[in-house]
Amino acid sequence: TNAGVLKYLPQRIARTLGETIERSYSEREGAFLRALLLGDKTGLRYEDQNDLAIAGIYHAVAVSGMHVSILLGMILLLCGGNHRLAAALGLPAAVFFIVMTGAPASAVRAGVMQALVLCAPLVRRENDPPTTICAALLVLLMQNPWSLLSVGLQLSFASTAGIVFFAGGLYRSLSENQFLTRLLRPKTVLSSLLRAMLTALCCTISSMVFALPITAVQFGEISLAAPVVNVLVLWLLSIVFCGAMLTALLALALPAAAAIPAAVLSWPVRLVQLVAHGAAKVPFAALYPENGYLIAAAVFLYALVLLLALRPGTVRL
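Residues numbered from 1 in each chain as written. Predicted model: local features only at pLDDT ≥ 70, side-chain atom pairs only at ≥ 80, totals over all residues. Heavy atoms only, no water.

### Comments concerning the overall build of the protein
What the protein contains, in helices and strands, is 14 helices and two strands. Computed over its C-alpha atoms, the radius of gyration of the protein comes to 20 Å, within 12% of the 20 Å expected for a compact globule of 317 residues. Evaluated residue by residue, the protein yields a buried proportion of 42% over its 317 residues. Within the protein, residue pairs in contact and separated by at least 24 positions form 69% of the contacts whose partners lie at least 6 positions apart. Approximately 17000 Å² of the protein is accessible, and the part contributed by carbon and sulfur atoms is 68%. Computed over 21 positive and 13 negative side-chain charges, the separation of the two mean positions in the protein equals 11 Å. (Helix = DSSP H or I, 4+ residues; strand = E, 2+ residues; numbered from the N terminus. Rg over C-alpha atoms; globule rule 2.2 N^0.38 Å. Buried < 20%, exposed > 50% of the residue type's maximum accessible area, 1.4 Å probe, protein only. Contact = heavy atoms within 4.5 Å. Areas by Shrake-Rupley, 256 points an atom, 1.4 Å probe, with all protein chains shown as cover. Lys, Arg positive; Asp, Glu negative; His and termini not counted. Charge placed at Lys NZ, Arg CZ, Asp CG, Glu CD.)

Given below as structure tokens:
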């Protein structure tokens, strides 16, 4: 029936996109992009999953709020900053993407928050981040109150709350450093890249404020490499996500024309995998709190994170 066709349309498109990615890339790169775009990690090798986890960027291949934010950011950019057009195109696209990838809690959270951010100017209201977080949590709990016990939901909201409350202050404090101010002032490609890397560092540290204890308790692992690796590749993952999505859509219509952009995009994918693999091999890239000494080290690390987040002005670069 027509209702059945519409109901399973997102899943059919996800399968078609996955098959298109497999045809356009090598086995290892295709598995990474399927995970990045669709949240399908079945093709990822165990070694690659382990490297991503130790390096602290496993969230990149588990469809999360980051993916929804990148998608809507890409649409806003293509709309030339027109919020009305971005809302008209972005909200249906975000809903479709969330459903297509299985509606994980982190993606639903990001979808609700981004919807409020896009709609606030249209109704002449200011966006209030704490309110958007609570609204997203309310939507999820209304649908399933037991989802509060989901580790994915806990990490998503804990990370987002840390970013909302602490990232801005940390970024302002670090950017006021005289050396960094000189580098960030000129409008060049290098300064834009540096600004993106500094933003990634501040977001990573801020997200750890509430999420670090949950990660330690639930997974028994704390990635010490995460801040550095996120600075190196988080900006690049945004480019890879947008490029891979556009290339996959192009390959659906013109497979031959998509071969060239797919070949070009393979290089940044390899670079991300190379950085993750290299970081995972560094001694003490991750901390496993299995005894008293390591727990003490984890507490010390958490104290540093709290100091950076709560009193950024007291910490020199």
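Text resumes after the structure shown.
### Digging into the layout of surface pockets
Any empty space left between the atoms is revealed when a probe the size of a water molecule rolls over them. The computed volume of the second largest pocket comes to approximately 190 Å³. Lining the second largest pocket, in full, are Ile13, Leu17, Leu71, Met74, Ala93, Phe96, Phe97, Met100, Met245, Leu246 and Leu249. Contributing elements (two or more residues each) for the lining of the second largest pocket: helix H2 (9-24), helix H5 (65-78), helix H6 (83-100) and helix H12 (226-253). Looking at the lining of the second largest pocket element by element, the count peaks at four residues for H6. Considering only residue class, the lining of the second largest pocket consists of 11 nonpolar, no polar and no charged. (1 Å grid on protein atoms, 1.4 Å probe; cavity = no way out; pocket = protein on both sides within 12 Å on 5 of 7 lines; lining within 4 Å. Points joined across faces, edges and corners; volume = space filled by probe spheres on them. Nonpolar A, V, L, I, M, F, W, Y, C, P; charged D, E, K, R; others polar.)

### A closer look at H6
With 18 residues, H6 should reach 26 Å at 1.5 Å per residue; the first-to-last C-alpha distance of 24 Å fits that figure. Approximately 30 degrees is the largest bend angle found in H6, and it occurs at glycine 90, with the proline proline 92 only one to four residues beyond. Taken together, the buried positions of H6 are Ala86, Ala87, Gly90, Ala94, Phe97, Ile98 and Met100. The inward-facing, buried residues of H6 abut H2, helix H3 (27-38), H5, helix H7 (105-119) and H12. (Expected span 1.5 Å × (residues − 1). Bend = angle between axes of the 7 residues up to and from the residue.)

### Remarks on the packing of helix H11 (residues 189-219) against helix H14 (residues 292-310)
Interhelical geometry of H11 versus H14 gives an angle of 135 degrees and a closest axis separation of 9 Å. Comparing the axis directions of H11 and H14 gives the class oblique. Helix-helix and strand crossings are classified by hand; for H11 and H14 the assignment is left-handed. Mapping the contact onto sequence places Ile205, Met208, Val209, Leu212 and Pro213 in H11 and Leu301, Tyr302, Val305, Leu306, Leu308 and Ala309 in H14. Looking at side-chain class alone, the contact of H11 with H14 contains 11 nonpolar, no polar and no charged residues. (Axes fitted to C-alpha atoms, helices over the stretch in contact; angles between N-to-C directions. Parallel < 35°, antiparallel > 145°, perpendicular 65-115°, else oblique. Left-handed = near helix turned anticlockwise from the far one by under 90°.)

### Description of the packing of aromatic side chains
The tally for this structure, following the rule as stated, stands at three aromatic pairs. Pairing phenylalanine 166 with phenylalanine 210 gives two aromatic rings, centres 5.8 Å apart and planes at 45 degrees, and the pair type is tilted. In this pair, phenylalanine 166 is assigned in helix H9 (residues 151-175) and phenylalanine 210 in helix H11, connecting sequence segments 44 residues apart. The class for phenylalanine 166 is buried, based on a relative accessible area of 14%. Looking at phenylalanine 210, the relative accessible area reads 36%, which means it is partly exposed. (Phe/Tyr/Trp six-rings, centres within 6.5 Å; stacked < 30°, edge-to-face > 60°.)

### Side note on the confidence of the model for the protein
When the pLDDT values of the protein are averaged, the result is 82; 95% of them are 70 or greater. When pLDDT is averaged over each element of the protein, helix H13 (residues 259-281) comes out on top at 89 and helix H1 (residues 2-7) at the bottom at 58. (pLDDT = per-residue confidence, 0-100.)

### Details of H13
Its 23 residues place the ends of H13 33 Å apart at the C-alpha level, agreeing with the 33 Å of an ideal helix rising 1.5 Å per residue. Those residues of H13 that fall on the buried side of the exposure criterion are Ala262, Leu265, Ser266, Pro268, Val269, Val272, Gln273, Val275, Ala276, Ala279 and Ala280. Those residues of H13 hidden inside the fold are in contact with H2, H3, helix H4 (46-55) and H12.

### Description of unusual backbone geometry
One non-glycine residue, phenylalanine 284, lies in the positive phi region at around 60 degrees. Note on placement: phenylalanine 284 falls in the loop between H13 and strand E2 (286-287). For phenylalanine 284, a relative accessible area of 70% translates into the label exposed.

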